[in-house]
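Reading the structure
Below are the chains, spelled out letter by letter.
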Amino acid sequence: MRIDIISIFPEMFEAVLGESIVKRAREKKAVDIRLHDLRDFTRDKHRKVDDRPFGGGSGMVLCAQPLFDAVAKIKGKAKKAKVILLCPQGKTFDQATAKRLAKEKQLIFICGHYEGIDERVRENLADEEISIGDYVLTGGELPAMVVIDAVVRLLPGVLGDKNSLKFESFEGNLLEYPQYTRPADFRGFKTPAVLLSGNHQEIAVWREKEALKRTRQRRPDLLNNKKVNKEKVKNG
Ligand SMILES: C[S@@+](CC[C@H](N)C(=O)[O-])C[C@H]1O[C@@H](n2cnc3c(N)ncnc32)[C@H](O)[C@@H]1O
């Protein structure tokens, strides 16, 4: 997969995308991430990328021209790239969206800033708008990093053990079961005996029940989803 990021603060990304799983994915060439400074695409001699909003009001708005030019240059002949605008008014990001995006060949992220972006970018350049939650951040850089992290770890060969994806929260619309590690007794807080039993079948049953219990307690909305096995829910 190729990922292009358009931002006025491209330096913000390396600290996050240059570490851990995403770093390894880049080293393995599972993903090619390229950063683009929006100011390189302005035709303004002072490298200005924003202007005052028509009709008045506070703040500055990112202009359409540098964004349209940046996307055109990045896309080149590869017209299939999906252009994603990070935006608090977009569809809320979730694991299903991460999975869908992980199937794309190329993603281009547009990070807004200041008061926002000229509406014509939303209407005529972006293929979709993604929000990472109902709150307003200073810019689209952190949201882009959130989306990219969630997508890249789903790419084939990125996680060492495929099973870590299979049993994760939101898989099958359930939250993950509780996890414990050494020591078995920490300050009198004990690990459930079944996990120390070595009986893999009993452990699997316990985990399934715990995942259901936890989902019912914390996210009953997930259980309303058709994809959950209704029989399991009833018996869990
Ligand atoms: C300060 S915000 C602009 C908010 C805009 N004035 C509004 O009220 O909808 C600046 C930029 O941050 C990004 N941003 C802020 N909150 C976001 C969120 N929850 N999800 C995705 N992007 C967000 C967007 O790219 C946005 O253009």
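Above: the structure in question.
Now for a look at the structure at hand. Just so it is clear, the structure is predicted and the values come from calculations on it, not from any experiment. (Residues numbered from 1 in each chain as written. Predicted model: local features only at pLDDT ≥ 70, side-chain atom pairs only at ≥ 80, totals over all residues. Heavy atoms only, no water.)

**Some points on the sheet that holds strand β6 (residues 106–110)**
Strand pairing in a sheet relies on backbone hydrogen bonds. The paired strands run either parallel or antiparallel. Taking strand neighbours across the sheet as the criterion, the five strands line up as β2-β1-β6-β5-β8 in an open arrangement whose pairing is parallel. The open sheet is flanked by β2 (32–37) and β8 (128–131), the only strands paired with a single partner. Going from strand to strand, the sheet's axes swing by 30 degrees on average, the running direction of each strand aside. (Pairing = 2+ DSSP bridges. Helix = DSSP H or I, 4+ residues; strand = E, 2+ residues; numbered from the N terminus. Axes fitted to C-alpha atoms, helices over the stretch in contact; angles between N-to-C directions.)

**Section: the environment of Lys105**
Relative to the elements of secondary structure, Lys105 occurs in the loop between α4 (95–101) and β6. With relative accessibility at 72%, the residue Lys105 sits in the exposed group. Lys105 sits 103 residues away from Arg2 along the chain, and the two C-alpha atoms are 6.3 Å apart. When residues no more than four places from it in sequence are discounted, the contact partners of Lys105 are Met1 and Arg2. (Buried < 20%, exposed > 50% of the residue type's maximum accessible area, 1.4 Å probe, protein only. Contact = heavy atoms within 4.5 Å.)

**Observations regarding the nonpolar core**
Counting residues in hydrophobic clusters, the biggest one holds 29 residues, and the most contacted among them are Ile3 and Phe109. For this core, the secondary structure elements donating two or more residues are β1 (2–7), α2 (20–27), β5 (82–92), α4, β6 and α6 (141–152). In terms of residues, this core owes the most to one element, α6, which gives seven residues. Judged by nonpolar contacts, the second largest core, of 21 residues, contains Ile110, Ile117, Val121 and Ala126. (Core = buried A, V, L, I, M, F, W, Y, C linked by side-chain atoms within 4.5 Å.)

**Describing the site of the ligand**
Near the ligand there are 20 residues, and of these Leu86, Gly112, Glu115, Tyr135 and Leu137 occur at the shortest range. Measuring from an oxygen atom of the ligand, one finds a backbone N or O atom of Gly112 at 2.9 Å. For the ligand, a nitrogen atom lies 3.1 Å from a polar atom in the backbone of Gly133. Within the complex, the protein chains bury 84% of what would otherwise be the 590 Å² of accessible surface of the ligand. When contributions to the shell around the ligand are tallied by element, the ones reaching two or more residues are β5 and β8. The leading source of residues in the shell around the ligand is β5, at four residues. Tallied by class, residues from the shell around the ligand come to ten nonpolar, nine polar and one charged. (Near = heavy atom within 4 Å. Polar contact = N/O pair within 3.5 Å; in protein donor to acceptor, adjacent residues only side chain to side chain. Areas by Shrake-Rupley, 256 points an atom, 1.4 Å probe, with all protein chains shown as cover. Nonpolar A, V, L, I, M, F, W, Y, C, P; charged D, E, K, R; others polar.)

In short, the description is geometric, and any link to function would need to be established separately.
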